[in-house]
Amino acid sequence: MDDSVTSTLEPRSESSRPPARRRLTATDRFVRAPLGLLWLALMALLAVPVIIFMTALYYVVQAGRLLVQGRSGRTNGSNSDVA
């Protein structure tokens with residue numbers, strides 16, 4: 001009698017593993033991988049000034065909103081444009 005539960009718990013044989021897609025060549029290891037890491041570092045370095053600029057822009061806009069709201073005479077603190 002074949003027990004299907006125990007047959008699924010047995011370790012899979014090496015032949016049931018899917019074949020590797022492609023072997024890594026020396027060019028992949030020594031040229032493409034380092035270039036990919038350099039590209040990743042470059043993107044990270046470019047992202048930092050953008051993050052700083054967007055944060056500064058946010059604070060400038062918030063300060064401008066406070067100045068405009070202060071001039072319009074709204075002192076009760078109600079904010080009708082917030083959903």
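This text goes with the structure placed above it.
A brief report on the enclosed structure follows. Each chain has its residues counted from 1, following the order in which its sequence is written. At least 70 in pLDDT is required for a residue's local features to be given in this predicted model, at least 80 for side-chain atom pairs to be given and counted, and no such filter applies to totals for whole chains, interfaces and linings, which use all residues. Excluding hydrogens and water, the side-chain values take into account all heavy atoms of the structure.

With respect to the overall build of the chain
Part 1 of the argument: Secondary structure follows DSSP: runs of H or I at least 4 residues long count as helices, runs of E at least 2 residues long count as strands, and numbering of each begins at the N terminus. On a plain count of helices and strands, the chain comes out with two helices and zero strands.
Part 2 of the argument: Counting every position in the chain, which comprises 83 residues, the buried fraction comes to 1%.
Part 3 of the argument: Where accessible areas are quoted, they stem from the Shrake-Rupley method and a 1.4 Å probe; at the residue level, only the protein chains shown are allowed to cover. Put simply, the chain shows about 8200 Å² of open surface, and 66% of that area lies on carbon and sulfur atoms. To sort residues, take the accessible area from a 1.4 Å probe on protein chains only and compare it with the maximum for the residue type: under 20% means buried, over 50% means exposed, and anything in between is partly exposed.

Some thoughts on helix α2 (residues 26–71)
Part 1 of the argument: What a helix should span is 1.5 Å times the count of its residues minus one. Helix length check: α2, at 46 residues, gives a terminal C-alpha distance of 67 Å against a target of 68 Å (1.5 Å per residue), a fit within 8%.
Part 2 of the argument: At Arg 32, α2 is bent by approximately 30 degrees, the largest bend along its length, and proline Pro 34 sits one to four residues beyond. What is called the bend at a residue is the angle between a pair of axes, fitted to the seven residues leading up to and ending at it and to the seven starting from it.

Topic: the packing of aromatic side chains
Part 1 of the argument: In summary, the pairing rule links any two rings of Phe, Tyr or Trp, Trp by its six-membered ring, whose centres are within 6.5 Å, and it sorts them by plane angle into stacked for under 30 degrees, edge-to-face for over 60 and tilted for everything else. Scanning the entire structure with this criterion turns up one aromatic pair.
Part 2 of the argument: Considering the side-chain rings of Tyr 58 and Tyr 59, the 5.4 Å spacing of their centres and the 70 degrees angle between planes classify their relative orientation as edge-to-face.
Part 3 of the argument: Judged by relative accessible area, Tyr 59 falls into the exposed class, the value being 56%.

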